[in-house]
Amino acid sequence: MKMVKTTLAIVTTAAVLGVSGFAQAGATLDAVKKKGFVQCGVSDGLPGFSFTDAKGAYKGIDVDVCHAVAAAVFGDASKVKFSPLTAKERFTALQSGEIDVLSRNTTWTSSRDAGMGLVFAGVTYYDGQGFLVNKKLGVNSAKELDGATVCIQAGTTTELNLSDYFRTNGMKYTPITYDTSDESAKSLEAGRCDVLTSDQSQLYAQRIKLAQPDEYVVLPEVISKEPLGPAVRRGDEEWFSIVKWSLFAMLNAEELGVTSKNVDEMAKTPKSPDIGRLLGIDGEYGKDLKLPKDWAVQIIKQVGNYGEVFERNVGAESNLKIKRGLNALWNQGGIQYAPPVR
Amino acid sequence: MSNTTHTFKPSLPPPTLNVGVIGWLRTNLFSSVGNTLLTLVALYLIWLVVPPIFNWAFLQADWAGATRADCTAEGACWVFVKERFGQFMYGFYPAELRWRVDLTAVLAVVGAAPLFFDRFKHKARYGIALLVAYPVIAFWLLYGGFGLQVVPSSAWGGLMLTIVIAAVGIAGALPLGILLALGRRSSLPAIKVICVTTIEFWRGVPLITVLFLSSVMLPLFLPEGLSLDKLLRAVVMVVIFEAAYIAEVVRGGMQAIPKGQYEAAAAMGLGYWRTMGLVILPQALKLVIPGIVNTFIALFKDTSLVIIIGLFDFLNSIKRATADPAWLGMSTEGYVFAALVYWVFCFAMSSYSAHLERKLNTGHTR
């Protein structure tokens, strides 16, 4: 019985490998429209990026990207289904077609972009590895950390970045590695280490976990580049463009001052030609993307512009209180920049 | 010589130092210098550990409120567990449909109750009918269809998911394991080789690898768009994996049955299946109840490994709830609650197995 099953499996596998190829252009959009929702891969729990509230609803920046894509395609941001994925599962889930978009705090790197059958559509959050220290240490810069004991969350890039940084600056350190963020936070609190290192977005979450968050401070230095963004399957440019421009629409909206509150008004009487083009009043820019005319209006109305999404999930309106920093718009001191709709 | 009747004096009570609380203390805790020392050290350790835990968990804990701002006391903040209790129990199962989960659980208890009454006569027939009917009803109630709103398995979660995986795992692994054990002791070479290979293969890989394989490798081999249900994949893997363990436990029991039993069965003219079903297995299974229950308890706890494939079982639901920025820093409370619930379930299983052993004891002990 077992043998028969195994043989069967091998035969099926061979047959499947024979017929399945890379995604066809346009295939994803058609499939998504047919099934009536966007299947979106998110994290299984990361403060501010993807988590569930008391009612069981998904929240976070990564989650809102998915809502934006649904709003653009269907005019209804709620037409999303979420697949919570672990870090190891995420690429397979995208490659195998289980999900349409991977929006799971994934760092955009060359090997992932070119070597894994997927392609990144943009950057939702410019992250980077940083340090959290007790104010009592009197340290104001990471350069003063010579000889420190450092708590690290296990994860190769974090450890590698740390060792690179200390070696480059000719400093010594003692690493203590932990598996979970809870352990490392507790360890910092108990004084087993002087400084805790992780991605900056997570350091703010770690800080809240401490009994006296105000006694700890995130140092200004960022020692690695971690641009996080949504990815789609390689080979379907049409779907790629839709995800990319859903993100750009939110950025453009913020730049042009269009918010979820004033978007209806703006759509009636656009204040500038740029706004008119973005909101589909002038021209047929939605058509190029194979989207409805009011695609951007729906995104902004139902999800919000980038600034609103940021503040709501990780910024001033959330418990994390992360400052915009690199994630401010290009004309406000940051590097978030979107090509124009034209 | 006068005949005097000797009246015994009533026996004196034993020295007060040898009976009652003091006697017990003297014999058990302070019988020698070494024991006295150990007792004192143990008392000191208890004094060191228990009061702070008690303080944290009860005296200084927060019980009332609805948000993190209500966590004002020094100790635990059970408000978190209270607020997320529904999610811990049912995952994303729609709140208005949770009665279906409750009903499934109630049906299981009510349905199985007659089997625990010794006076109920048709146990075998009733048991088999229950085994056939209940899974169908349970699946219908949990999943839906035929008039009930469909709740996809991606919405299942919490303790309910843990129990579903464990229950299906136990119900599937036991029969499959017994068959594998029979096959391994079979005299037919083909069957024997297949069973030995299966058992050794599945026992040779860690469950976490198997789950990982089911979730990461399998989808690559399936055609695009076709995706087997994630929960189904995990459950099938758990069943096969645990069956291999059960098979070895059962085989151990069968080897303990004296050869005379086989010969006696053969002399009675019983064929293979009747020998096994009427003579060998009833004795063998009774012998290995502790081993089987041990495997089941391990299985129940192993279900938490589905965390690696992003299924939201009880433990993962708690982990995810701690990622909510509104409740950061509540992981200790969450995990203590998880440990308590796991303990209750596992202890119930082991107590039941102890009861079963006593009831079925026909004097194999020497």
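The name that an unreviewed UniProt entry assigns to chain B is General L-amino acid transport system permease protein, with the source organism given as Pseudomonas duriflava. Of chain B, the UniProt comment under Sequence similarities (unreviewed entry) reads exactly: "Belongs to the binding-protein-dependent transport system permease family. HisMQ subfamily."

In the annotation of an unreviewed UniProt entry, the entry for chain A reads General L-amino acid transport system substrate-binding protein, and the organism field reads Pseudomonas duriflava. On record in UniProt, under Sequence similarities (unreviewed entry), the comment for chain A is "Belongs to the bacterial solute-binding protein 3 family."

**Student:** Quick rundown of the confidence of the model for chain B? Include the residues and the values.
**Tutor:** Confidence in the prediction of chain B, expressed as mean pLDDT, is 88, and 97% of residues score 70 or more. Both scores are given for the predicted complex: the pTM is 0.81, the ipTM 0.74.

**Student:** Go over unusual backbone geometry, please, and point to the residues and values.
**Tutor:** Positive phi is not limited to glycine here, since A:Asn105 has a value of about 25 degrees. When you line up the elements, A:Asn105 lands in the loop between β5 (101-102) and α5 (110-115).

**Student:** Requested: an account of the environment of B:Ala348, with residues and values cited.
**Tutor:** Along the chain, B:Ala348 falls in helix α15 (residues 331-360). With 197 residues separating them in the primary sequence, B:Ala348 and B:Val151 have C-alpha atoms 30 Å apart.

**Student:** Any chance you could break down the interface of chain B and chain A for me, citing the residues and the numbers?
**Tutor:** Every contact between the two is made by 37 residues of chain B and, on the other side, 35 residues of chain A. Buried surface at the junction of chain B and chain A, summed over both partners, amounts to about 3,000 Å²; 58% is from carbon and sulfur atoms. Run the count over chain B and chain A and you get two salt bridges. B:Arg233 is paired through a salt bridge with A:Glu98; the nearest N and O atoms lie 3.3 Å apart. For the interface between chain B and chain A, the tally reads nine residue pairs in polar contact (both at pLDDT 80 or more). If you list the elements that add at least two residues to the side of chain B that touches chain A, you get α8 (189-204), α9 (207-221), α10 (230-255), α14 (314-321) and α15 of chain B. The element that contributes the greatest number of residues to the side of chain B that touches chain A is α9(B), accounting for six residues. Here the side of chain B that touches chain A is built from residues that sort into 20 nonpolar, nine polar and eight charged.

**Student:** For the packing of aromatic side chains, give the residues involved together with the corresponding values.
**Tutor:** Throughout the structure, instances matching the rule amount to 31 aromatic pairs over all chains. Judged by centre distance (5.4 Å) and plane angle (70 degrees), the rings of A:Tyr58 and B:Phe92 are edge-to-face. With A:Tyr58 in strand β3 (residues 58-59) and B:Phe92 in the loop between α4 (85-90) and α5 (98-112), the pair connects residues from two separate chains. The two residues A:Tyr58 and B:Phe92 agree in class, both being buried. On the basis of an interplanar angle of 5 degrees and a centroid distance of 5.9 Å, the ring pair of A:Tyr125 and A:Phe310 is categorised as stacked. Separated by 185 residues along the polypeptide, A:Tyr125 in strand β7 (residues 125-127) and A:Phe310 in helix α14 (residues 306-313) bring together distant segments of the chain. Neither residue differs from the other here; A:Tyr125 and A:Phe310 are each classed as buried. Its end group placed over the ring of A:Phe37, A:Lys81 keeps NZ or CZ at 4.3 Å from the ring centre. The ring of B:Phe312 carries the charged tip of B:Arg320 above its face, separated from the ring centre by 3.5 Å.

**Student:** Kindly report on the UniProt feature "transmembrane region" (unreviewed entry) in chain B, identifying the contributing residues and their values.
**Tutor:** In the numbering adopted here, UniProt assigns the feature "transmembrane region" (unreviewed entry) to residues 36-58, 124-143, 155-180, 201-222, 234-250, 262-281 and 335-354 of chain B. As a span, residues 155-180 of chain B carries 88% helix and 0% strand, and end to end its C-alpha atoms are 34 Å apart.

**Student:** Tell me what's going on with the state of the cysteines, and back it up with residues and numbers.
**Tutor:** All names here are of chain B. Throughout the structure, instances matching the rule amount to three disulfides over all chains. At a sulfur-sulfur separation of 1.9 Å, the disulfide partner of Cys-71 is Cys-77. The sign of the S-S torsion, about -60 degrees, decides the handedness of the disulfide formed by Cys-71 and Cys-77: left-handed. Among the residues examined, Cys-77 registers a relative accessible area of 2% and is labelled buried. With its disulfide-bonded cysteines labelled consecutively along the sequence, chain A is connected as 1-2, 3-4.

**Student:** Give a description of the pattern of salt bridges that names residues and reports values.
**Tutor:** Under the definition given, this model contains 17 salt bridges over all chains. What you see here is one network of salt bridges that share partners, running through B:Arg184, B:Glu200, B:Arg203, B:Glu248 and B:Arg251.

**Student:** Go over the side chain of A:Ser50, please, and point to the residues and values.
**Tutor:** All names here are of chain A. Its location among the elements puts Ser-50 in the loop between β1 (38-43) and β2 (51-52). Polar contacts involving the side chain of Ser-50 include one to the main-chain carbonyl oxygen of Ser-43, which spans 3.0 Å. Those residues in contact with Ser-50 that sit more than four places away from it in its chain are Val-42, Ser-43, Gly-45, Tyr-58, Lys-59, Gly-60 and Val-63.

**Student:** Explain the domain arrangement of chain B to me, using residue names and the numbers behind them.
**Tutor:** All names here are of chain B. By domain assignment, chain B separates into domain 1 (88-151) and domain 2 (152-360). Each of domain 1 and domain 2 has a C-alpha centre, and the two are 20 Å apart. Residue-level contacts link 14 residues of domain 1 with 17 residues of domain 2. For the pair domain 1 and domain 2, the two sides together bury roughly 1,300 Å², of which 72% comes from carbon and sulfur. For the domain 1 face of the interface with domain 2, the top three residues by lost area are Phe-88, Met-89 and Phe-92, together amounting to 47%. Broken down by secondary-structure element, the contributors of at least two residues to the side of domain 1 that touches domain 2 are α4 and α6 (123-143). Each residue belonging to the side of domain 1 that touches domain 2 can be placed in one class, and the counts come to eleven nonpolar, one polar and two charged.

**Student:** Which residues make up the sheet that holds strand β8 (residues 129-134) of chain A, and what values do they have?
**Tutor:** All names here are of chain A. If you walk across this open sheet you meet the five strands as β10-β9-β11-β8-β12, and the pairing is mixed. Two strands lie at the open edges of the sheet, namely β10 (173-178) and β12 (216-218), each paired on one side alone. When the angles between neighbouring strand axes are averaged without regard to direction, this sheet yields 25 degrees. Pairing of strand β9 (residues 148-153) with β10, which is carried by six bridges, proceeds in the parallel orientation. In the strand pairing of β10, Thr-149 is matched with Thr-174. This element, helix α7 (residues 181-189), spans β8, β9, β10, β11 (195-199) and β12 of the sheet and lies at about 160 degrees to β9. Sheet contacts for helix α8 (residues 200-209): β8, β9, β11 and β12; angle to β11, the most-contacted strand, approximately 130 degrees.

**Student:** Give me the lowdown on the confidence of the model for chain A, citing residues and values where you can.
**Tutor:** All names here are of chain A. When pLDDT is averaged across chain A, the result is 87; 92% of the residues are at 70 or more. No element of chain A has a lower mean pLDDT than helix α1 (residues 2-19), at 42, and none a higher one than helix α3 (residues 61-74), at 96. Confidence drops under pLDDT 50 across residues 1-23; counting only partners more than four residues distant or on other chains, this segment forms 14 contacts.

**Student:** Outline helix α7 (residues 158-184) of chain B, listing residues and values.
**Tutor:** Along its 27 residues, α7(B) runs 37 Å from first to last C-alpha, staying within 8% of the 39 Å computed at 1.5 Å per residue. Of all the bends in α7(B), the greatest, near 25 degrees, is centred on B:Ala173, and the proline B:Pro175 appears no more than four residues after it.

**Student:** Just give me the short version of the packing of α3(A) against helix α9 (residues 237-256) of chain A, but keep the residues and values in it.
**Tutor:** Residue and element names in this part refer to chain A. Axis separation between α3 and α9 bottoms out at 9 Å; the angle between their running directions is 110 degrees. By the angle class used here, α3 and α9 are roughly perpendicular. Contact with α3, carried on its side by Val-65, Ala-68, Val-69, Ala-72 and Val-73, involves Trp-239, Ile-242, Val-243, Ser-246, Leu-247 and Met-250 of α9 and no other residues of that element. A per-class count over the contact of α3 with α9 returns ten nonpolar, one polar and no charged.

Conventions used here
- Residues numbered from 1 in each chain as written.
- Chains lettered and ligands numbered in written order.
- Predicted model: local features only at pLDDT ≥ 70, side-chain atom pairs only at ≥ 80, totals over all residues.
- Heavy atoms only, no water.
- UniProt positions renumbered as here; feature names shortened; annotations may be inferred.
- pLDDT = per-residue confidence, 0-100.
- Helix = DSSP H or I, 4+ residues; strand = E, 2+ residues; numbered from the N terminus.
- Contact = heavy atoms within 4.5 Å.
- Buried area = accessible area lost by both parts, 1.4 Å probe.
- Salt bridge = Lys/Arg side-chain N within 4 Å of Asp/Glu carboxyl O.
- Polar contact = N/O pair within 3.5 Å; in protein donor to acceptor, adjacent residues only side chain to side chain.
- Nonpolar A, V, L, I, M, F, W, Y, C, P; charged D, E, K, R; others polar.
- Phe/Tyr/Trp six-rings, centres within 6.5 Å; stacked < 30°, edge-to-face > 60°.
- Buried < 20%, exposed > 50% of the residue type's maximum accessible area, 1.4 Å probe, protein only.
- Lys NZ or Arg CZ within 6 Å of the ring centre and 35° of its normal.
- Disulfide = S-S within 2.5 Å.
- Domains from an automatic or database assignment.
- Pairing = 2+ DSSP bridges.
- Axes fitted to C-alpha atoms, helices over the stretch in contact; angles between N-to-C directions.
- Expected span 1.5 Å × (residues − 1).
- Bend = angle between axes of the 7 residues up to and from the residue.
- Parallel < 35°, antiparallel > 145°, perpendicular 65-115°, else oblique.

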